[in-house]
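Residue strings, one per chain:
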Amino acid sequence: MNLRHHNEILSVSSHLGHTGNYEIRKYRNSGGYVLIDILGDFVIIEEDSVDNIYSILYADLVKHDKIKTN
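Description of the structure in this document.

Each value, and the rule that gives it
The residue numbers shown here count from 1 along each chain, following its written sequence. The predicted origin of the model limits local features to residues at a pLDDT of at least 70 and limits the giving and counting of side-chain atom pairs to 80 or more, whereas totals for whole chains, interfaces and linings rest on all residues. For the side-chain quantities, the full set of heavy atoms in the structure was used; hydrogens and water were omitted. At least two DSSP bridges between two strands are required for those strands to pair. Helix and strand definitions follow DSSP, with helices as H or I runs of at least four residues and strands as E runs of at least two, each counted in order from the N terminus. Helix axes are fitted to C-alpha atoms over the stretch in contact, other axes to C-alpha atoms as well, and angles between N-to-C directions run from 0 to 180 degrees.

### So, the sheet that holds strand 2 (residues 22–27)
One open sheet accounts for four strands, arranged 1-2-3-4; its pairing is antiparallel. Edge positions in the open sheet fall to strand 1 (13–19) and strand 4 (42–45), since each of these has one partner strand only. Taken over all neighbouring pairs, the strand axes of this sheet differ in orientation by 20° on average, direction set aside. Pairing analysis gives six bridges linking strand 1 to strand 2, with the strands arranged antiparallel.

### Here's the deal with unusual backbone geometry
Even without a glycine there, the phi angle at Asp 65 is positive, about 55°. The residue Asp 65 is located in the segment after helix 2 (50–63) in this model.

### Points about the pairing of strand 3 (residues 33–37)
Sheet topology note: the strand 2/strand 3 ladder contains five bridges and is antiparallel. The residue bridging Glu 23 from the neighbouring strand is Ile 36, located in strand 3. Adjacent in sequence and paired antiparallel, strand 2 and strand 3 are bridged by five residues, among which Gly 31 carries a positive phi angle near 85°. Note: strand 3 against strand 4, four bridges, orientation antiparallel. When the sheet's bridge partners are listed, Leu 35 is paired in strand 4 with Val 43. Here strand 3 folds back onto strand 4, and the loop between the two strands holds four residues, one of which, Gly 40, carries a positive phi near 95°.

Pasting the structure below:
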């Protein structure tokens, strides 16, 4: 993945991992997260919103039988 256009983001964040076409990083000072896709688009998620966003995405995956629960 070519991230050279995101030097400002790269200099203030740490790499957490990547999956498919997404680079996942965490801001060192604020604790927020940034997801960068292969096209160079990105979204910043504030730390206090992560739980709610995750819950919405998880509920949708369960609803559409993409994730099975016991």
